[in-house]
Each structure stands twice: as structure tokens, then as C-alpha cells.
Amino acid sequence: MLCKLVHQDLYKRKKFDFTRFHLAVLIASFTNLTKFQINKGMERGSGKWGSISRGMIPLLALHTVSEYSRLDRKPPITASLLAANTLIYLRPKFLNHLLPTTDQVWFNPHLIFKYKDLKRFFLSPFFHINESHLVYNMLSLLWKGIQLETSMGSAEFTSMVATLVSMSQGVTLLLAKSLLIFFDYERPYYNEYSLGFSGVLFAMKVVANAQSDEYTSVHGLMVPTRYAAWAELILIQMFVPGVSFLGHLGGILAGLLYLRLKASFSGPSPLTQLMRGFRHALNWPLRLVKSLLRTRPRITGRGTTGGRNARDTLQRWRCQACTFDNSGRLNICEMCGTGHADDGPSSPVPTSDIHDLSLEELRRRRIQRFG
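Residues numbered from 1 in each chain as written. Predicted model: local features only at pLDDT ≥ 70, side-chain atom pairs only at ≥ 80, totals over all residues. Heavy atoms only, no water.

Caption draft 1: Region of the structure containing the overall build of the chain. Across its full length, the chain carries 15 helices and 8 strands. In the chain, which comprises 371 residues, the share counted as buried stands at 44%. For the chain, the proportion of contacts with a sequence separation of at least 24, taken over those separated by at least 6, is 69%. Surface summary for the chain: the accessible area is close to 21200 Å², and the carbon and sulfur share equals 60%. (Helix = DSSP H or I, 4+ residues; strand = E, 2+ residues; numbered from the N terminus. Buried < 20%, exposed > 50% of the residue type's maximum accessible area, 1.4 Å probe, protein only. Contact = heavy atoms within 4.5 Å. Areas by Shrake-Rupley, 256 points an atom, 1.4 Å probe, with all protein chains shown as cover.)

This is the structure in C-alpha cells:
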């Protein structure tokens, strides 16, 4: 059966439009993965496809570190998604026995409906068929993830990604079933095998561009930024016809549906609230430690602040020269420098019994004390 193996994402920064697009076509040509038939003699269930890096993953890691080093705030969820997709592709020994094989997670509408296979439904976006497929999707995720997570916060970004994964897969599944029922499109779409994160990336692209009123270049064609995903959907299908058209279309429709649902409900979504509560719970031990390690209260001329040593506030003494209330721990007036008249604390002295100094003398003593 036909395999849709190359999930390209051509969402680019302005000056790299042509470069990244030509790179995508070049990769598809050299790897010969645009279209092919699954050979009967291929080792099935091994889960080892593309498990050896040919040099592109180190470049991806270097580019990721370079991008993150420029940021004041490092988006943690984007980094986690990059790491998860890369580890799933590399399948290190400590994870190999836990991960399903590639054959067990192909997104195939026929198998999902027939066996109610949720594993294929939820896990297929996180598996990639080869290194170029992984690296190109992760470069796109890096840029979109940083942009969206920085603007909306990690909790809401996590909620959005989880929602878009489910929506993009669900919409693609419904499109394939509808084409089968109404147009009898069984082989091209209903029995199609596909993998990759690009459906979710198309949905993220729609969300990121929803509020933009600017124009952007899509392979040299100037289009409104909010419609760039539609232009890329058509152009990619023209230049790289082996990609999963239905998967990309499902991602765009999922992004539009997400925006419509978000506009219908005020306030954060329940999943966002759950993520914030989970983060709050994780930070509780740290807050407890900080509260236990608070510094001792600062001593000022009027006693302590914070109330840990309440008796100091009761043992204040009033300077007989300038009437400033000083802490019982001080032997000289913090304001004018006059010594404490008694060995122990004294009660406030009535104003009529205080020997008043001239303003010039008080000024001189203050300058001598603080100047």
C-alpha cells in the first residue's frame, strides 16, 4: 500500500523561504522517500528504521542550543517535545523495549476503525520514518514552539498541543471515512499509512498566524499571513506530491476548529487549569523550603520588622535630644548620635521633660552621624 513518508513543513523565516524549500525538495529526491511500496521482504516489527543518525541530528541539536541561548526565558515544553521526538526516533537501549515498533503505530484509518486502535491514533505523530523527516519537522517545531509558548505561557501551550494532536488526528480520520462513504476513495486515503508531526505543525501554524494582518512570502508568492498555511498546503502537494495531503489538511482544519472553540469559551480551558494546578503542586516543596530559609528580620531605628522578636518593640527607648524612637539593641541614637542615658531600656519620656536642642545643633549632629 502507498506510504506517505515525507511530512515536510515549509513554514519559514522571511529570508530563508527559497533555501529551506529547495532543501526540502533536495532531501526528498536524495532519500527517495517521496513514494514507495512497502516490500514484503522488509523486516517488519523491528522498530529500527532510521535509528542511526547520519549527521543531521547533531546539527539539529546545535541549532536548538544556539536558538535557546539567545532567549531570556527558555520554553521548557518546546524543548521537551523536541527531545521526546528525537529519543523516539533514536530508540536508545533504555527505551527500546518500552517503545512500540513503527509497524504498530502507522496512522491508518482502516486499521484504527477496524480494531479501535488508539495506539496508532495518539502515537503516530511522534514517530518519524527517517532522519531528514525528523529534523525538518523539528526545525519547524522549534520556531513555532518558541513563538507560541513564549506568547501564551507553558501551561496554555501544553494544553494547546495536546488538543491539536487529538483534533488533527480526529479530523484526518473523519475526512478519510467521509471520502470512503461518499466518494468510495478507499485506496488513496482510507488505507493510507502515514507518520509524523507535520499535521500538528500545520495546526500550530494556523494558530500562530490567526491574528496577523501582514503579508508573507510563500515560496516567492506573497499572500496574507493568516492564509499562508493554505497556500503551502497546495504548493507542497504540487512540488512534493508524495506527502500526506489529508494529514496536512486535517491539521489546518484542526487549527481553525481550535480557534473557534477558544473564542467560544472565556477564560482558560480546563486542561490549562489542570496544567497550572500540576505546576503549582510541583513548586510547593520549593516554596516550603524558601519559607523555612527566610533571612532574619532587619533591625531599624524603630525596632524589628516581621515581629519575630516582639520584646524588642516593647524595649524601645526615646532619644532625649531628638525624640527619635530607637531599638533596645542600640546604645546610641540612630538619628542624632546621642548616647543612651540609662543602662536598660526606658519608657517614653514626656515631651515637656526633654531638653530641646537648637535646629543647628541637630543638623550638625545628623551630618556628623550620617554624612
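Moving on from the coordinates now.
Caption draft 2: Region of interest: helix α7 (residues 131-152). Over its 22 residues, α7 extends 30 Å from the first C-alpha to the last, a length consistent with the 32 Å expected when each residue adds 1.5 Å. At the C-terminal side of α7, Gly-153 shows a positive phi close to 90 degrees. (Expected span 1.5 Å × (residues − 1).)

Caption draft 3: Structural detail: the packing of aromatic side chains. For the structure on display, the rule yields 4 aromatic pairs. Pairing Phe-113 with Tyr-190 gives two aromatic rings, centres 6.3 Å apart and planes at 15 degrees, and the pair type is stacked. One end of the pair, Phe-113, is in helix α5 (residues 109-115); the other, Tyr-190, is in helix α9 (residues 186-190), with 77 residues separating them in the sequence. On the basis of relative accessibility, which here comes to 33%, the residue Phe-113 falls in the partly exposed class. (Phe/Tyr/Trp six-rings, centres within 6.5 Å; stacked < 30°, edge-to-face > 60°.)

Caption draft 4: Inspection of the pairing of strand β4 (residues 221-224) at higher detail. Of the strand pairs in this sheet, strand β3 (residues 215-218) and β4 are connected by 4 bridges, and their pairing is antiparallel. By the bridge assignment, Ser-217 is partnered in β4 with Met-222. Here β3 folds back onto β4 in antiparallel fashion, the turn holding 2 residues, of which His-219 has a positive phi close to 55 degrees. (Pairing = 2+ DSSP bridges.)

Caption draft 5: Representation of the environment of Ser-69 within the structure. Relative to the helices and strands, Ser-69 resides in helix α2 (residues 56-69). Judged by relative accessible area, which is 52%, Ser-69 ranks as exposed. At a separation of 2.7 Å, a polar atom in the side chain of Ser-69 contacts the main-chain carbonyl oxygen of Ser-66. (Polar contact = N/O pair within 3.5 Å; in protein donor to acceptor, adjacent residues only side chain to side chain.)

Caption draft 6: Quick peek at a nonpolar patch on the surface. Side chains of Ile-181, Phe-182, Phe-183 and Tyr-185 sit close together on the surface and give an oily, nonpolar patch of about 500 Å² of accessible area. Structurally, Tyr-185 is set in the loop between α8 (154-183) and α9. (Patch = residues over 30% accessible without salt bridge, like charges linked within 9 Å, V, L, I, M, F, W, Y side chains within 5 Å. Salt bridge = Lys/Arg side-chain N within 4 Å of Asp/Glu carboxyl O.)

Caption draft 7: Broad picture of the environment of Gln-320. Summarising the element assignment, Gln-320 is placed in the loop between β7 (317-318) and β8 (325-326). Separated by 20 residues in sequence, Gln-320 and His-340 place their C-alpha atoms 8.6 Å apart.

Caption draft 8: Fine view of the nonpolar core. Membership of the largest hydrophobic core comes to 40 residues, with the highest contact counts inside it found for Leu-141, Leu-148, Phe-157, Met-160, Leu-164 and Met-204. Considering every element that reaches this core, the biggest residue donor is α7, with 8 residues. Setting aside residues up to four positions removed in sequence, Phe-157 forms contacts with Ile-77, Thr-78, Leu-81, Gly-145, Leu-148, Glu-149, Met-152 and Met-204. Counting residues in hydrophobic clusters, the runner-up holds 9 residues, among them Phe-202, Val-206, Val-240 and Leu-249. (Core = buried A, V, L, I, M, F, W, Y, C linked by side-chain atoms within 4.5 Å.)

Caption draft 9: Region of the structure containing the pattern of salt bridges. With the rule as written, the count across this model stands at 5 salt bridges. Ionic pairing is found between Asp-117 and Arg-120, a salt bridge with its closest N-O pair at 3.0 Å. According to the relative accessible area criterion, Arg-120 is buried, its value standing at 10%. Note that Glu-232 and Lys-205 form a salt bridge whose closest N and O atoms lie 2.6 Å from each other.

Caption draft 10: Focus on unusual backbone geometry. Of note, the phi angle at Arg-91 is positive, near 50 degrees, even though the residue is not glycine. Along the polypeptide, Arg-91 turns up in the loop between α3 (76-90) and α4 (93-96). Even without being a glycine, Lys-116 presents a positive backbone phi close to 50 degrees. Mapped onto the fold, Lys-116 is located in the loop between α5 and α6 (118-123).

Caption draft 11: Structural view of helix α12 (residues 245-264). In a regular helix each residue adds 1.5 Å, so 20 residues correspond to 28 Å; α12 covers 29 Å between its end C-alpha atoms and thus fits that length. Residues of α12 that are buried: Leu-246, Gly-247, His-248, Leu-249, Gly-250, Gly-251, Ile-252, Ala-254, Gly-255 and Tyr-258. Taken together, the buried residues of α12 touch α8, α9, α10 (198-209) and α11 (228-239).

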